[in-house]
Amino acid sequence: MDLILIQTLNGLASASSLFLVASGLSIIFGVTRVVNFAHGSFYMLGAYIAWSLVSRFGSASALGFWGGVLLAALLVGLVGLLIEIALLRRIYQAPELFQLLATFGVVLMVQDVALASWGPQDLLGPRAPGLRSFVSIFGNRFPTYELFLIVLGPIVLGALWLLFNKTRWGTLVRAATLDREMVGALGVNQRLLFTSVFFLGSCLAGLGGALQLPREAVNLHMDLSIIAEAFVVVVVGGLGSVTGAYLAAVLIGVMHAFGILIFPKITLVLVFLIMAVVLIVRPHGLMGRKPSLVQQGATMREPLLSPATREIKLLGAAALAVLAIAPLLLGNYGVSLLTELVILTLFAASLHFMMGPGGLASFGHAAYFGLGAYGAALAAKWLAAPMAAGLLFAPFLAGLAGVVFGWFCVRLSGVYLAMLTLAFAQIAWSVAFQWVELTGGDNGILGVWPAPWAAGKTTYYYLALVLCTALVLALRVAIFSPFGYALRAGRDSPVRAEAIGLNVTRINWLAFIIAAIAAGIAGGLYAYFKGSVFPTYMAISKSVDALLMVLLGGVQTVSGPIVGAFAFAWLQDWLVRGIAEYWRLVLGSAIVVLVLAFPQGLVGTALRWRGRSQDDDVPAEAVR
Amino acid sequence: MLKVEGLHTYYGRAHILADVGLEVAQGEVVVLLGRNGAGKSTTLKSIIGLVPPAEGRISFRGTSIAGRQPYEIARLGLGYVPEERRIFTELTVDENLEVGRRSANGTTPVWTPDRLFVLFPNLARMRERAGSQMSGGEQQMLTIARTLMGNPACLLLDEPSEGLAPVIVEQMADTILELKREGMTVLLSEQNLRFAHAVADRALIIEKGRIRFAGTMAELMANEAVRTQYLRL
Ligand SMILES: Nc1ncnc2c1ncn2[C@@H]1O[C@H](COP(=O)(O)OP(=O)(O)OP(=O)(O)O)[C@@H](O)[C@H]1O
Ligand SMILES: [Mg+2]
């Protein structure tokens, strides 16, 4: 009985900072319609800045500690403000995917800034003055600080409620959440409103991070781990609802606390189950509303996929011929690089398959790549399976995850889908990371060697080339099959597709599974190629790599992912070799600059340039 | 007070308005008539800046406003009432009015919720009600009241009679005349000729994005040919 009580209290305590972060995310989304990936980075910055400030002010005095925490929150708010003015303001009209990508660029930059400023080691924070003691609850010692956090959650919720319901600013913000254009037409300066909302949201994230100081060591992984949880909270609570965020944070916090008792290794499974139940019962979250169609952000306007022309086919054949004879000309390093490239191409093509024709932009596609790799590695390690069996087990495991995760994801669309896919990827990542007995945790699984006949670098290259080419071509064929057309019909107009008897959800699900399987094969090949697997194969940054490959090449061209994969791999090789240490900073800045320069995407921008020169003088009558 | 010259507006590649020009003098009610899809809403949206015009001059009380942000234009004293009403559905009547509130510009009397409730007595009975729970007519009243809260010197009204029962249409006409008596300048779009006749001093007819007729209301009523060509369905 008292164990239950204690665990409930523990859960409530962790719910509070989760709520701070998630409510900020939700508020920002409500008004600006931007899902701010960098929100977790603000949380991490809050913790780091608070650590520095409290160390400087002296953690013994109440003023030093609380002053440091509050100042840290405000400083993070200022950082958010600057980012809004410098970056987001310019891309509010851009497609959602680019907004997400740009804020991910910020994540990368903040990671390197934090690394440079505070170093790679974990930093232990001080305990809060005045709240260091324990209280006794049914004979259990319970930290006072945790009690304080429990109380803080509802207080912040109440304060936010007052702010939004009882002040003019709050009324304007709520109105802007419903129809921001109309608010502007009534004379309200939306820019100011957006910036102030962003400031508030960032402060909340910073506060959430700063308040973690007495609870856990500050480290460089805080950003992505909290953002994944916050995404789950926001999806479960309903995007844009602060109360929903609180309820969801409590639900998830408490379940987490109990999960630790029941299955300490896979607490995330419980989180997953909650999410499942909520989304089945209420697809838009506990307090969420169906997103209104008028308000939806700009979508991509790119040309439709069309089958390859004769020239493209010839070009493809030529490229393939070059790839086939390349090992004769290249050294070992070149062959390795090419092998990796070929595998990445399949990975990118698998993501493109769901993103292009299906319109399902996944922010967690690395999960399936990584699960494929782990499938192969686990089979090799625990079953001593030969390579052939490993390569079969890889897509099996990835496909299984595709079946389960995909079932949820295809019920959502747009940013919701992106957030959910990311959350699933993060769950897969943490299972690989935490379940040390099975996966070796951070140390990964070593000794995943190919069969003797394929052990030679060149032989393995040919194996990868044949398999990947066959699969990429198969995906192409699928895009132009009746299934592919049905998929596109569902993307372009779900209502109309349903009306002509297509089951859009089921079709999207199938596409999701196919994409997962293809990514899994790429992962399996990658595992045998590298000889080892690590949790980083499923990391968010890997998912973003895949997205970048697809976006670089253009979403709505079938050969795009192939070109994109090559361009990306070249870029990364150059980045990592050229500037080993702070490549994240460079890559992040590059992403941000690219999005700022081409807010409509490379292909979209090119089209607009072409369009402008052509359509200047179309007479009105001709258009009608 | 409001002057538009050589206005061209596009939606993407579609050329919607071609060389639209119009003028509204202080205290005047001018109606823009035209069939569905003629470009009435687009004209009003171009003036308020929601659909920035590609070309053309718009001046309001001597200030050039083409290419400015809607909020800047609104702050100069131009009030816009959209055709789709666009009430903030989850906000109460009072809150909707609050969003529209701006301090007066000096020329017009100050509109307060209390004065607006005299003009729109229905609204007074539902101050705490959410916008989503109001009838179409009530929403139409609220959307006008909300814009008046900004104390505009000139109103852009997009089809105020659309979708309203005949009794309510009459009330609406009375309201506009009342506003005119208060000295308000109004540019409204309409398809309902009788309604237009009841409220307007001058009329413009737009078709396929071009102004085809301009004259007094009386001239239009006398000109059977123009009405048949551009207004009959
Ligand atoms: N958002 C838009 N995107 C593209 N075309 C549009 C858009 N809005 C209107 N149009 C087109 O512009 C033209 C003029 O539309 P507008 O709304 O100005 O007409 P209207 O005169 O107000 O008609 P109604 O009486 O039906 O309100 C129409 O051909 C319409 O199809
Ligand atoms: Mg209209």
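Residues numbered from 1 in each chain as written. Chains lettered and ligands numbered in written order. Predicted model: local features only at pLDDT ≥ 70, side-chain atom pairs only at ≥ 80, totals over all residues. Heavy atoms only, no water.

(A) Quick look at the packing of helix 8 (residues 222-237) of chain A against helix 15 (residues 414-434) of chain A. All names here are of chain A. The interhelical angle for the contact between helix 8 and helix 15, taken along N-to-C directions, is 130°, at an axis separation of 9 Å. Regarding the angle of helix 8 to helix 15, the classification is oblique. Helix 15 is crossed by helix 8, and the crossing has left-handed handedness. The residues of helix 15 that touch helix 8, namely those facing Leu-224, Ser-225, Ala-228, Phe-231, Val-232, Val-234 and Val-235, are Met-419, Leu-420, Leu-422, Ala-423 and Gln-426. Looking at the contact of helix 8 with helix 15, its residues break down into ten nonpolar, two polar and no charged. (Axes fitted to C-alpha atoms, helices over the stretch in contact; angles between N-to-C directions. Helix = DSSP H or I, 4+ residues; strand = E, 2+ residues; numbered from the N terminus. Parallel < 35°, antiparallel > 145°, perpendicular 65-115°, else oblique. Left-handed = near helix turned anticlockwise from the far one by under 90°. Contact = heavy atoms within 4.5 Å. Nonpolar A, V, L, I, M, F, W, Y, C, P; charged D, E, K, R; others polar.)

(B) Highlighting the packing of aromatic side chains. For the structure shown, the criterion picks out 27 aromatic pairs over all chains. Summarising the aromatic geometry, the rings of Tyr460(A) and Phe529(A) are spaced 6.5 Å apart at their centres and angled 10° between planes, so their arrangement reads as stacked. Of this pair, Tyr460(A) sits in helix 17 (residues 457-479) while Phe529(A) sits in helix 20 (residues 504-530), and the two are 69 residues apart along the sequence. Residue Tyr460(A) is classed as buried on the basis of its relative accessible area of 4%. In this structure an aromatic cluster arises from ring pairing among Phe347(A), Phe369(A), Tyr460(A), Tyr526(A), Phe529(A), Phe534(A) and Tyr537(A). A cation sits over an aromatic face here: Arg411(A) above Trp407(A), 3.7 Å from the ring centre. Between Arg115(B) and the ring centre of Trp111(B), over which it is positioned, the NZ or CZ distance is 4.2 Å. (Phe/Tyr/Trp six-rings, centres within 6.5 Å; stacked < 30°, edge-to-face > 60°. Buried < 20%, exposed > 50% of the residue type's maximum accessible area, 1.4 Å probe, protein only. Lys NZ or Arg CZ within 6 Å of the ring centre and 35° of its normal.)

(C) Up close: the domain arrangement of chain A. Residue and element names in this part refer to chain A. Taken as a whole, chain A is organised into domain 1 (2-297) and domain 2 (311-578). Taking the mean C-alpha position of each, domain 1 and domain 2 sit 32 Å from one another. Listed as interface residues are 28 residues of domain 1 and, on the opposing side, 30 residues of domain 2. Counting the surface lost from both domain 1 and domain 2, the interface buries some 2,800 Å², and carbon and sulfur atoms represent 87% of this. Our count for the domain 1 to domain 2 interface comes out at zero salt bridges. Here domain 1 and domain 2 share zero residue pairs in polar contact (both at pLDDT 80 or more) between them. Broken down by class, the residue content of the side of domain 1 that touches domain 2 amounts to 24 nonpolar, one polar and three charged. (Domains from an automatic or database assignment. Buried area = accessible area lost by both parts, 1.4 Å probe. Salt bridge = Lys/Arg side-chain N within 4 Å of Asp/Glu carboxyl O. Polar contact = N/O pair within 3.5 Å; in protein donor to acceptor, adjacent residues only side chain to side chain.)

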